[in-house]
Amino acid sequence: MKVKIYQNSVSFIKNSVNFVEECCKKKETIRIALSGGSTPRPLYEALGGEKNLPWKRIEWFQVDERYVPENHRESNARMIRETLRLGKKFHTFDTKLPLAASLKKYE
């Protein structure tokens, strides 16, 4: 594993967007895991504004969720949808289901 340290968030975001673009050049389909919370929001907003990404070739996976309704202000899925404006290729937890059923469906 290679660890990179950036001087500031602007540099981190720019390099992260470039990394996603480079990955898209190397593979037909790429899969990206998305964390929730407020920390990744600026990165997701930057990615969401990228017009040159091959959006149809990227699959997005939510890796954590607060077990709240999808429209709740604390919902990670809601934040991700708002910033990235993802369509069908966003795999998320269905919090309308009981927890065990939601996990099974996501699996």
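The following refers to the structure shown. Note that this is a predicted model, so its numbers are computed, not measured.

### Description of helix 3 (residues 76-84)
- All of the buried residues along helix 3 are Asn76, Ala77, Met79, Ile80, Thr83 and Leu84. Projected down its long axis, helix 3 carries its buried residues within an arc of 160°, all on one side.
- N-cap assignment for helix 3: the residue whose side-chain oxygen lies 3.4 Å from the backbone N of Ala77 is Ser75.
- Phi turns positive, to about 50°, at Arg85, one or two residues after helix 3.

### Some points on the environment of Trp55
- For Trp55, the location among the structural elements is in the loop between helix 2 (41-48) and strand 2 (58-62).
- As a C-alpha pair, Trp55 and Leu86 span 31 residues in sequence and 8.6 Å in three-dimensional space.

### Examining the sheet that holds strand 3 (residues 90-91)
- Pairing is parallel across the open sheet formed by 3 strands, whose spatial order is 1-2-3. A single partner strand is all that each edge strand has here, and the edge strands are strand 1 (30-34) and strand 3.

Cut-offs and rules
- Residues numbered from 1 in each chain as written.
- Predicted model: local features only at pLDDT ≥ 70, side-chain atom pairs only at ≥ 80, totals over all residues.
- Heavy atoms only, no water.
- Buried < 20%, exposed > 50% of the residue type's maximum accessible area, 1.4 Å probe, protein only.
- Helix = DSSP H or I, 4+ residues; strand = E, 2+ residues; numbered from the N terminus.
- Arc of directions from axis to C-beta.
- Polar contact = N/O pair within 3.5 Å; in protein donor to acceptor, adjacent residues only side chain to side chain.
- Pairing = 2+ DSSP bridges.

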